[in-house]
Every structure is written in structure tokens, then in C-alpha cells.
Amino acid sequence: MLLKLESSGICHTDLHVRDGAQFPDGAPRPLTLGHEGIGVVVEQGEGARTPPGTRLGAPYLHDTCGDCRACLTGRESYCATHLAHGYNVQGTFAEYVIVKERYAVALPSSLDSLVSAPHMCAGVTAYGGVEKAGLAPGKNAVVIGCGGLGQYGIQLAKLTGANVIAIDTSSEKLEEARRLGADQCLLADKSAADSVVAMGGADAVINFAPSNRIWDMVPGMLNNFSTFVSVAMVAQPVPLVLEWLTFKDVTITGSSVGTRQQMRDFLRLADIHKIAVDIEAVPLAKANDAMNRLARGQVKGRFVVDFSRAP
């Protein structure tokens, strides 16, 4: 189907692809970035049933094989041959985008297009990370990195009943974390691990910060039988002492972008509980400038391209 776009979120992955750090083999050149689109159906392809005028989301996943172990066991985002908007196929930094009907996302009518654009990747990705952390009432959940992804993570972690401890290098982002419901807020310094231990230690740590420097404080705060979930894309290695892992019985895992079912579950939560992050709207002509600012950490939450704005 062809969507006429109303909005498109700007993700850190867009920055990685633009700058060549993750440019995929076989991707079209030139490649249109973007994978957090919201738009309206204007044309149907053969077999499509969604009527024109329907508002849909164009998420990261464009298509998967549907037949591998990952697809058949509900983990389609790990399909080895999946196609992604703005990565393997043309994305949403454009007035129009082509989507596969079965991977396009139905949106509750009450969700605003600008606010909902980051839901298509950041929101559902945070949802998957929080789900893997196994949170429950009474547990201590540490959220590292309070940008757009972390802001989603804080709100979702609070819904589990866990005590949420937010950590970031920015006082401004910690203020936003507190506004979104974080129970305690800590600056990411040498004393952070000791402070978490004084609060009872971490039963789960979910990392949304794109830096391996966070690992310096992580082992010292994790409780026995706790879980560390890596959500941010961090290419640099971290030191891991296997003896520590044996004694602590810690689970270390990662979480990629969510599945279609996770997207449906997350959008329902977002609608009911008004989950949203701070957004800054920009015209399409300023998308590159926004990514430059993103690289410098100069955004409180998420940038969103507003196609109704003049250049």
C-alpha cells in the first residue's frame, strides 16, 4: 500500500546508517532513511483490503520471511532475512512510503500522529526491553539513559509496579525522568552503583544509553539472580568476568525492536495510559540538522518530522 505521510520520528539508527556505521549490504542507493512513520492510505496494491483514508503506522519492520524459526516462534524481529524501512527498503523521510499491509500498524483514533511517530520504533523497542527484564511490584528497576527510549522505559517500568531508578549524565534529562514517574534519579558517576546498592540493589538494569562506559557501574549494582538487558546499540566491547557471572547468577541479554503483537500490546497501553515522550517537531528539510543535533545529544526526547510544516 502507499501511505501519504503525516509524521516520521528520527531514530539513532537513522544516524548510524546515514554516517555509514551500519549501512546494510544490498540496500538501495540512494537510501531514504526513516522507520517511524504515520500516514494515510492513498493507494492499494493487489490484494490489499485496507481502504484509502485509513491512518496507519509504518514501523521498522517492512517484511519478514514468515517461515524461519524466529518467525514461527513469535520472534519475527530476529528473522535473518527481514526487511526494514530506512535500512533495506526506502523509509519514511519522504512524503510517501510503500508498506506491506500485514506489517503496517493500525492506530487508535485517539493517538496523535506527531506524538505516535516514535511509538513505531522507540516505544515498542522499550516495551520489549521492559518485558524481558521480568519486572514486578517490589523489584528495583534501573533505567540507564533517559533520552527518548529511556523515557518510554521509565513509564513502562512504572506500570509493572517496580521501583524505578533513573540514571543519566544530564541533570535536565533526570528532571524529565522524575516528571515521568522515576522514583529516584541519579547522575551517572562513580557513586551511582553504591547509591543503587543502598536502595536495595538492582533486580534489573535496562540500558538505553548508546555507550559502553555504562558498564563500569553495572556489575556493582546488580543483585544475585538479576537481569541486565541491553537495548541501546553499543558496538564497543565491555569487560566481563565469568567468575562474577557464576557467583551472581546474573542473566545478561539483549532486546531488539518489537514484534507485531508487541506493537499492538504497546499501542493499547500507550492509548490507555497516555504514554508519550517529549518531542520536537521539525520540517523534512531540517531532518539532517536534527540528526546532527542528535549526534551531539542536543534533544530532550525525540525529533519528529512534521510534514505539514513548510521548509
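Presented here is an overview of the structure given in this document. (Residues numbered from 1 in each chain as written. Predicted model: local features only at pLDDT ≥ 70, side-chain atom pairs only at ≥ 80, totals over all residues. Heavy atoms only, no water.)

### Digging into the pairing of strand β11 (residues 202-207)
Quick reminder of the rule: Relative accessibility decides the category of a residue: with a 1.4 Å probe and only protein chains considered, values under 20% of the type maximum give buried, values over 50% give exposed, and everything between is partly exposed. Starting at the N terminus, helices and strands are each numbered in turn, a helix being any DSSP run of H or I of at least four residues and a strand any DSSP run of E of at least two. A pair of strands is treated as paired once DSSP finds two or more bridges between them.
Buried residues dominate β11, accounting for five of its six residues. Where strand β8 (residues 140-144) meets β11, four bridges bridge the pair, whose relative direction is parallel. What sits directly across from Ile 144, in β11, is Asn 207. Pairing of β11 with strand β12 (residues 222-230), which is carried by five bridges, proceeds in the parallel orientation. Considered in β12, the bridge of Val 205 is made with Phe 228.

### Observations regarding helix α5 (residues 148-159)
Here is the rule: The span you would expect from a helix comes to 1.5 Å times its residue count less one.
Across its 12 residues, α5 extends 17 Å between first and last C-alpha, which sits within 8% of the 16 Å expected from 1.5 Å per residue. Listing the buried residues of α5 in full gives Gly 148, Leu 149, Gly 150, Gln 151, Tyr 152, Gly 153, Ile 154, Gln 155, Leu 156 and Ala 157. Gly 161, located one to two residues past α5, shows a positive phi value of around 90°.

### Section: the sheet that holds β11
What counts is decided by this rule: Lines are fitted to the C-alpha atoms to define the axes, a helix being fitted only along its stretch in contact, and any angle between axes, read from their N-to-C directions, falls within 0 to 180 degrees.
Strand order in this open sheet of six strands is β10-β9-β8-β11-β12-β13, and the pairing throughout is parallel. One side of each edge strand has no neighbouring strand; the edge strands of this open sheet are β10 (184-187) and β13 (251-254). Taken pair by pair, the neighbouring strands of this sheet meet at an average axis angle of 20°, ignoring direction. Relative to β10, strand β9 (residues 163-168) runs parallel, the two being bridged by four bridges.

### A short note on the nonpolar core
Rules: The definition of a nonpolar core used throughout is a set of buried Ala, Val, Leu, Ile, Met, Phe, Trp, Tyr and Cys residues joined through side-chain atoms within 4.5 Å. By definition, residues are in contact when any of their heavy atoms lie within 4.5 Å.
By size, the foremost hydrophobic cluster in this structure holds 48 residues, and its most contacted members are Leu 135, Ile 154, Ala 166, Phe 266 and Leu 267. Within the residue set of this core, elements represented by two or more residues are α4 (122-132), β8, α5, β9, α6 (171-179), β11 and α9 (260-273). In contact with Phe 266, not counting residues within four places along its chain, are His 119, Gly 123, Val 124, Tyr 127, Tyr 152, Leu 156 and Ile 275. By size, the runner-up hydrophobic cluster in this structure holds 20 residues, among which are Ile 167, Leu 186, Trp 244 and Val 250.

### Things to note about the environment of Met 221
Note on placement: Met 221 falls in the loop between β11 and β12. For Met 221, a relative accessible area of 1% gives the class buried. Linking Met 221 and Ala 204, residues 17 residues apart in sequence, is a C-alpha distance of 9.5 Å. Setting aside its immediate chain neighbours within four residues, Met 221 contacts Val 142, Ile 167, Ala 193, Val 196, Val 197, Gly 201, Ala 202 and Val 205.

### Describing the environment of Ala 232
The residue Ala 232 is located in the loop between β12 and α8 (242-248) in this model. You can call Ala 232 buried: its relative accessible area is 10%. Spatially, the C-alpha atoms of Ala 232 and Ile 272 are 26 Å apart, while their sequence positions differ by 40 residues.

### Things to note about a nonpolar patch on the surface
Stated precisely, the cut-off is as follows: Nonpolar side chains (Val, Leu, Ile, Met, Phe, Trp, Tyr) within 5 Å and like charges within 9 Å form the patches, drawn only from residues with over 30% relative accessible area and no salt bridge. Values of accessible area rely on a 1.4 Å probe in the Shrake-Rupley scheme; residue burial ignores everything except the protein chains shown. Note on definitions: salt bridges are taken to be side-chain nitrogens of Lys or Arg within 4 Å of carboxyl oxygens of Asp or Glu.
A contiguous nonpolar patch, built from Leu 240, Leu 242 and Ile 252 and spanning about 270 Å² of accessible area, is present on the exposed surface. Along the chain, Leu 240 falls in the loop between β12 and α8.

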